[in-house]
Amino acid sequence: MDPIIQIQDLYKTFTENDKELVALDHINLDIPRNQFTVLIGPSGCGKTTLLNTIAGFEKATSGKILLDGKPILKPAPDRGYVFQDYALFPWLTVLGNITFGLTHNGWEKKGAEEKAREYIDLVHLQGFEEAYPHTLSGGMKQRVAIARALAYNPEVLLMDEPFGALDAQTRKHMQRELVKILEKEQKTVVFVTHSVIEAVFLADLVIVMTARPGKVKGMVKIDLPRKRSYVEDHYLHYREQILELLEEEVEKGFED
Ligand SMILES: Nc1ncnc2c1ncn2[C@@H]1O[C@H](COP(=O)(O)OP(=O)(O)OP(=O)(O)O)[C@@H](O)[C@H]1O
Ligand SMILES: [Mg+2]
């Protein structure tokens, strides 16, 4: 395997009201380049914390994360982030939301707009360039957020439950759209979800985390072609494997 990200003995604590809480407990993990890795685990097990540490929003208490062999110290355009709640700027149009980060990173306005339009096309939002976020549906907002993250051409796309707030039909549609986008734009994706079905639909590799403090419980490699269907036998076999790992941990999460 050719890992793009190497997580080495990552330990992360938070201190609240003088109490120390261990969020991530010595995680060792390689994230394969240009593949789709899904993180799944009980609520509070540290998935967002792990993603935020890869993004550079959070600092490791000890241990480190390497990107192409270099330690991650802060956020940078080589890592794009898609948040569950979209996190669009409400005062900016679709075009404005996508160009904002580009011009902030030194792009000329004209070049930034051209680039933004390219990604607006990619996520099928032509005609909505001048629309404000509050006039868009959830799925459309999430497509703006994906276009905004991709427009920098990051090497790694970090996605924290990006489809968690969508209705079931829109969610399936967005999953298929994401697969299509990734056919055109080869990326390393690290994607957090609570949905085993979504994990098996999207992932090359599923990492199951333990209940807090978060460790790696197990890994399931999904050896299926890119174009997948929810009803294949193989699909069910993978679902069961992941569920088995997960269920034990979810039970534990409710014990304390
Ligand atoms: N900034 C913070 N300050 C204090 N504690 C935090 C902070 N961020 C996260 N935590 C704690 O760290 C643990 C892991 O949180 P995290 O948000 O990473 O979990 P998660 O797996 O993403 O959960 P969920 O599935 O509910 O989104 C939790 O116990 C949480 O309360
Ligand atoms: Mg989370």
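Predicted model, so just to flag it, every value in this text is computed and none were measured. (Residues numbered from 1 in each chain as written. Chains lettered and ligands numbered in written order. Predicted model: local features only at pLDDT ≥ 70, side-chain atom pairs only at ≥ 80, totals over all residues. Heavy atoms only, no water.)

### A closer look at helix α3 (residues 109-122)
Every α-helical turn comprises 3.6 residues, leaving residues that sit three or four positions apart pointing alike.
Thinking step 1. Spanning 14 residues, α3 covers 20 Å between terminal C-alpha atoms, matching the ideal 20 Å at 1.5 Å per step.
Thinking step 2. Within the sequence span of α3, burial applies to Ala112, Ala116, Tyr119, Ile120 and Leu122. Along α3, the residues classed as buried sweep out an arc of 150 degrees about the axis, all on the same side.
Thinking step 3. Where α3 is buried, its residues contact α2 (94-104), α4 (138-151) and α5 (168-184).
Thinking step 4. Looking one or two residues beyond α3, the residue adopting positive phi is His124, at roughly 60 degrees. (Helix = DSSP H or I, 4+ residues; strand = E, 2+ residues; numbered from the N terminus. Expected span 1.5 Å × (residues − 1). Buried < 20%, exposed > 50% of the residue type's maximum accessible area, 1.4 Å probe, protein only. Arc of directions from axis to C-beta. Contact = heavy atoms within 4.5 Å.)

### Points about α2
Thinking step 1. Counting buried residues in α2 gives eight out of eleven residues, a clear majority hidden from the surface.
Thinking step 2. When α2 is considered as a whole, its buried residues turn out to be Val94, Leu95, Gly96, Asn97, Ile98, Thr99, Gly101 and Leu102.
Thinking step 3. Taken together, the buried residues of α2 touch α3 and α4.
Thinking step 4. Trailing α2 by a residue or two, Gly106 shows a phi angle of about 95 degrees, which is positive.

### Thoughts on the pattern of salt bridges
Thinking step 1. Scanning all chains against the criterion turns up 14 salt bridges.
Thinking step 2. The salt bridge involving Glu113 is made with Lys109; its shortest N-O contact spans 3.5 Å. On the criterion of helical spacing, the pair formed by Glu113 and Lys109 is a turn pair, its members being four residues apart in helix α3.
Thinking step 3. On the basis of relative accessibility, which here comes to 23%, the residue Glu113 falls in the partly exposed class.
Thinking step 4. Put simply, Glu118 and Lys115 hold a salt bridge, and the shortest N to O gap is 3.5 Å. Of this pair, Glu118 and Lys115 are both found in helix α3, three residues apart, which corresponds to roughly one turn of the helix.
Thinking step 5. Residue Glu118 is classed as partly exposed on the basis of its relative accessible area, which comes to 42%.
Thinking step 6. One salt-bridge network, in which partners are shared between bridges, spans Asp2, Arg33 and Asp68. (Salt bridge = Lys/Arg side-chain N within 4 Å of Asp/Glu carboxyl O.)

### Comments concerning the packing of α3 against α4
Any two packed helices are characterised by how steeply their axes cross, that is the angle between the axes, and by the distance between the axes.
Thinking step 1. At a closest axis distance of 9 Å, the pairing of α3 and α4 adopts a crossing angle of 135 degrees. For the element pair α3 / α4, the angle class is oblique. In the packing of α3 onto α4, the handedness of the crossing is right-handed. Across the interface between the two elements, Lys115, Tyr119 and Leu122 from α3 touch Ala147, Leu150 and Ala151 from α4. (Axes fitted to C-alpha atoms, helices over the stretch in contact; angles between N-to-C directions. Parallel < 35°, antiparallel > 145°, perpendicular 65-115°, else oblique. Left-handed = near helix turned anticlockwise from the far one by under 90°.)

### Structural notes on the packing of aromatic side chains
The relation between two aromatic rings is expressed through the spacing of the ring centres and the mutual angle of the planes.
Thinking step 1. Scanning the entire structure with this criterion turns up seven aromatic pairs.
Thinking step 2. Site record: aromatic cluster; members linked through ring pairs are Phe36, Phe163 and Phe191.
Thinking step 3. Cation over ring: Arg148 sits above Phe89, and NZ or CZ is 5.4 Å from the ring centre. (Phe/Tyr/Trp six-rings, centres within 6.5 Å; stacked < 30°, edge-to-face > 60°. Lys NZ or Arg CZ within 6 Å of the ring centre and 35° of its normal.)

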